[in-house]
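Tertiary structure, described
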Amino acid sequence: EAARRVLLLGEGNFSFAASLCGATAAHIVATCYESEEEACGRGGAAESVRRLRERGAEVLFSVDCTKLKDYFSPEEREFDCIYFNFPHCGRKAGVVKNRELLARFFHSSAEVLTEEGEVHVALCNGQGGTPADQPRREWHNSWQIVAVAAAAGFILSNVHPFKAETIHGYKCTGYRSQDKSFCIEGALNHIFTRSKPLPYFKPMICEIELESQKVSFQVPQVLVDKINRGFLEPNSNHPVRTVKEKLTAELSQTFPLKNTDCSLSLLHQGHLNGVCHSNVFWITLSPEETPSAEEMSNGVANAVLFSTVDFCRDTDKNGWVTVQEGCHISKQYYLRPSLLPSAQAVIQRGAFLPGTLHVLSAPVFRKCLISPYSMPVFHEVVFVCAVNRGAEKSCTQMLVNSIKTSICSLRQTVSGVKLSINLQETSSFETTELNDFAAFESQLGKIQYFICVERDTSDSGEKGSCVGITRTEQISSELVVVFASLNLDLLVMLICGISDWRMLWTSDTRFLRQFPRGELRLFKSFSLYPPSYVHNVSFWVPDGQQFDEVAFHTVARRVSGETVVSIQLIDSFQRSGTGRKSLCYRLTFQSCDKALSRQEVAETQ
């Protein structure tokens with residue numbers, strides 16, 4: 001195996017390079033910006049250079065860190081690690097010039113770094129502008145290192161103190177371009193890695209069998225990267241599947257189990273009683289004229305095979321959208337927003353055994369407002385058990401106790417911290433306390449209990465989260481069915497300490513690497529202190545049309561590729577006389593797993 005190649009930039013007296021060379025088997029290439037004559041005039045530099053060369057290291061002079069590929073042939077441009085300690089433009093250069101230096105350095109580094117390589121940048125206390133700096137400078141007065149690095153496709157993956165005292169023989173030098181030391185107390189080493197590029201999703205056609213007929217439809221753009229991901233498949237190591245398997249294993253100690261996941265339809269037709277039209281993804285099909293996926297991808301078909309409702313819409317008195325294509329009235333379908341209808345269908349078909357716990361699990365799709373714990377797609381698991389009338393209360397209690405035991409055990413194993421789980425009756429649960437999951441479930445019918453998990457308030461300022469519900473339904477004079485529904489994605493977040501639902505869907509392999517062989521662990525983010533950018537948008541609401549905020553948030557999700565993390569109404573205005581209304585929203589952009597630059601956000605806005 002070839003030795004790792006390490007590039008050191010901006011060396012002052014080469015004392016850091018000499019120390020590193022003596023402590024590693026990697027091939028060292030040490031460079032500085034000054035000429036050899038200027039550099040070796042510094043105290044101790046000539047001796048350090050001699051030691052480096054004796055140990056087989058390369059020493060280069062007059063190297064500009066913003067033009068690195070100019071100094072190395074193509075076969076030499078594969079460095080595993082690049083160090084740049086205490087970069088500075090020299091003399092009394094301010095924060096703006098030093099930001100520009102870093103920006104050009106990161107772009108240059110990207111041209112000579114391996115795909116899995118690291119860039120280490122040491123900065124004096126406060127310069128970086130991240131929460132790791134103590135005290136932290138105001139953002140505008142810092143070097144804004146995470147935002148600068150993001151523009152070159154890098155994310156901050158680790159940060160730790162720069163401990164000069166542990167580096168044998170190291171002496172910092174170069175204060176205001178002189179052979180003088182400077183204060184490095186509280187200095188930090190920032191470790192950057194390459195980010196996956198922001199995705200560009202092509203339109204996606206999904207083919208399914210519906211009512212004994214093959215049909216295809218275009219997947220709503222906001223769901224293109226989330227459909228058919230297979231997180232619950234038998235060969236999956238995703239923590240969503242692990243939590244589901246451990247839950248069912250615990251429940252099997254109390255109930256005989258039967259999995260019923262094989263025939264869950266992706267599309268439903270008709271009307272979900274009580275469910276707001278804005279909360280579902282509507283799909284319009286014309287089966288008799290549906291072109292193939294190949295024809296769609298080749299652009300042959302001109303007809304639109306799906307309909308997503310704009311945020312200002314025309315509806316009839318019942319809240320239905322009228323859609324007509326050419327001379328044909330299209331059938332209205334919607335993506336599965338809940339497994340409850342499927343669970344009820346199992347009961348209606350009589351395909352159940354009283355006393356047996358039937359388990360259904362699959363992704364479900366719901367339009368919702370943007371927040372760290374609100375997700376347009378998540379994995380739902382529903383437990384269904386039919387019991388004799390009068391036994392439903394004890395069945396519910398046994399079911400909930402097993403669920404609570406399993407969740408508490410998982411969290412205790414993963415982090416050593418106990419979770420507080422409680423049941424709240426519908427009557428004692430304020431409507432304003434409902435998260436999107438609970439609010440939608442409330443639309444589907446009467447809920448008996450909300451299953452709530454207390455979580456660390458440092459995450460989001462909220463005291464707890466509803467992760468599940470129970471309900472009962474009498475199906476005959478003798479039998480009552482008990483249902484328990486759980487949001488598996490929320491459970492994984494709470495058990496593994498994941499603060500943003502989008503991380504569950506990342507394509508970055510560093511996520512799943514933290515859960516080898518399906519093992520549950522406390523998650524450590526590989527993108528620390530990602531930069532955020534704020535923009536405002538104002539618009540008039542068309543006369544006579546009702547503004548749909550959920551649809552507006554869905555548009556923001558789609559256009560931004562899920563990089564909008566917050567939307568707040570900050571102002572509204574109604575013109576006297578005409579009554580015209582305008583709204584002003586504040587949008588905050590931030591990615592949890594990818595580099596997001598100011599320029600990319602400006603283009604999205």
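Within an unreviewed UniProt entry, the label attached to the protein chain reads FDXA1 protein, and the organism entered is Chionis minor.

**A few points about the environment of Glu75**
Summarising the element assignment, Glu75 is placed in the loop between β3 (58–60) and β4 (79–85). When the C-alpha positions of Glu75 and Val112 are compared, they lie 9.8 Å apart, and in sequence the two are 37 residues distant.

**Considering unusual backbone geometry**
Each neighbour pair has its own omega, and for Gln134 with Pro135 the value is 0°, a cis peptide bond. Residues other than glycine seldom take positive phi values, yet Phe14 does so here, at roughly 65°. If you trace the backbone, Phe14 turns up in the loop between β1 (5–9) and α1 (15–21). One non-glycine residue with positive phi stands out, namely Phe86, at about 55°. As for its position among the elements, Phe86 is in the loop between β4 and α4 (95–109).

**Regarding the sheet that holds strand β23 (residues 564–574)**
Pairing within the open sheet is antiparallel, and its three strands lie in the order β22-β24-β23. Of all strands in the sheet, those with a lone pairing partner are β22 (533–541) and β23, marking the two edges. Strand-to-strand twist across the sheet, computed as the mean angle between neighbouring axes with direction ignored, equals 20°. In terms of strand pairing, β23 meets strand β24 (residues 581–589) through nine bridges, oriented antiparallel. Its bridge partner lying in β24, Val564 is registered against Phe589. Packing of helix α13 (residues 549–560) onto the sheet brings it into contact with β22, β23 and β24, and relative to β23 it is tilted by some 135°.

**Topic: the nonpolar core**
The biggest cluster of nonpolar side chains holds 101 residues, and the ones touching the most others in it are Phe217 and Phe383. Among the elements that make up this core, the one with the highest residue count is strand β17 (residues 377–388) (nine residues). Those residues in contact with Phe217 that lie beyond four places of it in its chain are Met204, Ile205, Cys206, Ile208, Leu266, Leu267, Ile283, Leu285 and Leu335. Membership of the second largest hydrophobic core comes to 30 residues, among which are Ala18, Leu52, Tyr170 and Cys172.

**Points about the pattern of salt bridges**
Under the criterion given, the structure shown has 15 salt bridges. The salt bridge involving Arg50 is made with Glu47; its shortest N-O contact spans 2.4 Å. Pair noted here: Arg50 and Glu47 are both in helix α3 (residues 45–54), with a separation of three residues, about one helical turn. Accessibility expressed as a relative area gives 38% for Arg50, which makes it partly exposed. Beyond isolated ion pairs, a larger network of salt bridges with shared partners links Asp225, Lys226, Arg557 and Glu562.

Rules used throughout
- Each residue is numbered by its place in its chain's sequence as written, counting from 1.
- In keeping with the model being predicted, local features are shown solely for residues with a pLDDT of at least 70 and side-chain atom pairs are shown and tallied solely at 80 or more, while totals for entire chains, interfaces and linings include all residues.
- Side-chain calculation: all heavy atoms of the structure are included, whereas hydrogens and water are not.
- Helical segments are the DSSP runs of H or I of at least four residues, strand segments are the runs of E of at least two, and each set is numbered from the N terminus.
- Note on pairing: two strands pair once DSSP finds at least 2 bridges between them.
- Here an angle of 0 to 180 degrees is reported between the N-to-C directions of two axes, which are lines fitted to C-alpha atoms, with helices fitted over the stretch in contact.
- Only heavy atoms matter for contacts: two residues are in contact if any of them lie within 4.5 Å across the pair.
- Only buried residues count toward a nonpolar core. Its members are Ala, Val, Leu, Ile, Met, Phe, Trp, Tyr and Cys residues joined through side-chain atoms within 4.5 Å.
- Relative accessibility under 20% of the residue-type maximum defines a buried residue, over 50% an exposed one, and the middle range a partly exposed one, all with a 1.4 Å probe and only protein chains included.
- By definition, a salt bridge exists where a carboxyl oxygen of Asp or Glu is found within 4 Å of a side-chain nitrogen of Lys or Arg.

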